[in-house]
Amino acid sequence: MDKIEIIGGVKLSGEVTISGAKNAVLPLMTAAILSSGENIIRNVPNLRDVMTMGKLLAHLGFGFHLEDNQILLQTKKITSIEAPYDFVKTMRASVLVLGPLLARTGRAKVSLPGGCAIGARPINLHIMGLEKMGAKITLSEGYIEASAKRLKGATIYFDIPTVTGTENLMMAAALADGTTILENAAREPEVVDLANALISMGADIQGAGTSSIKINGVNKLRPLDYTVIPDRIETATFIAAAAITRGDVKIKGGRPEHLEAVINKIKEAGVRVVQKNDKLIVKGPERLSSIDIKTMPHPGFPTDMQAQFMALMAIADGTSLITESIFENRFMHVAELKRMGADIKVEGSTATVKGVESLTGAPVMATDLRASASLVVAGLAAHGTTVIDRVYHLDRGYEKIEEKLRMLGAKIRRVK
Ligand code: EPU
């Protein structure tokens, strides 16, 4: 299994270009199920999760080809309506085939995802919404089986804003009979990107990016030809890496308007962030100041940046309270950061981080994607060598991360 070795202490400098967004491209790939023809998706990051989704779509009978950050997806014929456990257990986003498969074929069989390293992550709201749209849903032998001659428009209220739940139902509603209204919908930029892509296919959708989305179902959608938005979490992770190393980094292609909460917080911690044309210029201070963070649905502070910010706070001046309000078990990085010398106590959903003067390199274990990113960020600033095991988590969501960091001067390498 690959490991990543980092010798910390180098101030990052130079320019880095942001890749397409993982959490935008995955729903776009499943949106293609709604059409019959040749779909093109551009600015696609070459990631393990994208390959997993590609294999799942190939399993459904589609032609999938990824080359030069572009996906060609041939969706003329469907030969299976089943997303087997092997796919769903490696990637929960596989559940995004449920809505589109049901809308296109009237049937879908999708393995129920189990728990996950960061929380239970049920999909009851996806199921509730499809049932409201007239789908008959049964759960048997670990699978969700859904059927509906044609889904019908409905008003659906989410108890909690759910990103993939909103996406699944928006895709299902695009081909439904009548109008669907999603209330308390997720407002993440990836939801807006999916809505824009569906609109480009001929869908009638209003309100994406607000908590009330209205979808007037249409009879048919055209294939997709669409460019994915830049990855806001990759952008923010590079902001964190620049900040923690007292670096001076230009980040090209990221969209600051998708990152207002993160940029506000990092400025509060003493980091200079200036936008110049299509670049964000990030300059880290001699020492970061401690700040409090509470994760919230967009436009609040993203849970996908909580772990990386905890690495920053580990060496900041003062004490920081970090509250995770989206997932119940997203503090797996705490034990690893403590192995590097961090002073962190967790009580319930809040971590108290007392900033120490410096971290020291250590062998550490990645437990999920963003936890791994936090260990990379910590390792960049630590004294000595950090070796991160289970790097496959990182490969799920960061395209060429060690190459990009090396270009900024980091002493980082992959050990086979
Ligand atoms: N929830 C329910 N019932 C549901 C759906 C969600 O109770 O039917 C709860 C979840 O347990 C959680 C909260 O609602 O407490 C929000 O979860 P959400 O459904 O929004 O998460 P998700 O759609 O499964 C996406 C991202 C995650 C990101 C979260 C939150 C994708 C493919 N995944 O997950 O990304 O953390 O939204 O922003 O878009 C990552 O990239 O590392 C990652 C985990």
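The coordinates are above.
This section reports on the structure supplied with the text.

1. Thoughts on the environment of Val44
Along the chain, Val44 turns up in the loop between strand 3 (38-42) and helix 2 (48-59). Judged by relative accessible area, which is 1%, Val44 ranks as buried. Distance from Val44 to Ile71, taken between C-alpha atoms, is 7.0 Å for residues 27 residues apart in sequence. Sequence-distant contacts of Val44, defined by excluding residues within four places in its chain, comprise Val25, Val50, Leu66, Asn69, Gln70, Ile71, Val228 and Glu399.

2. Some points on the site of the ligand
Surveying the vicinity of the ligand reveals 21 residues, the closest of which are Leu125, Thr162, Thr164, Asp304 and Ile326. The separation between an oxygen atom of the ligand and a polar side-chain atom of Asn23 is 3.0 Å. Contact between the ligand and Leu125: an oxygen atom at 2.7 Å from a main-chain N or O atom of the residue. Relative to its unbound accessible area of 830 Å², the ligand is 88% covered by the protein chains. The dominant element in the shell around the ligand, judged by the number of residues it contributes, is helix 5 (residues 124-132), at three residues. Grouping the constituent residues of the shell around the ligand by class yields 10 nonpolar, six polar and five charged. When residues of the shell around the ligand are assigned to domains, at least three map to each of domain 1 (3-19 + 230-415) and domain 2 (22-227).

3. Thoughts on the sheet that holds strand 24 (residues 411-415)
Pairing in this open sheet of four strands is mixed, and the strands run 22-23-1-24 from one edge to the other. The sheet is open, and its two edges are formed by strand 22 (363-365) and strand 24, each paired on a single side. Here the average twist between neighbouring strands, direction ignored, is 20°. As defined by bridge partners, strand 22 adjoins strand 23 (residues 385-389) across three bridges and the pair is classed as parallel. Note that in strand 23 the partner of Val364 across the bridge is Ile388.

The rules behind each value
Residues numbered from 1 in each chain as written. Predicted model: local features only at pLDDT ≥ 70, side-chain atom pairs only at ≥ 80, totals over all residues. Heavy atoms only, no water. Helix = DSSP H or I, 4+ residues; strand = E, 2+ residues; numbered from the N terminus. Buried < 20%, exposed > 50% of the residue type's maximum accessible area, 1.4 Å probe, protein only. Contact = heavy atoms within 4.5 Å. Near = heavy atom within 4 Å. Polar contact = N/O pair within 3.5 Å; in protein donor to acceptor, adjacent residues only side chain to side chain. Areas by Shrake-Rupley, 256 points an atom, 1.4 Å probe, with all protein chains shown as cover. Nonpolar A, V, L, I, M, F, W, Y, C, P; charged D, E, K, R; others polar. Domains from an automatic or database assignment. Pairing = 2+ DSSP bridges. Axes fitted to C-alpha atoms, helices over the stretch in contact; angles between N-to-C directions.

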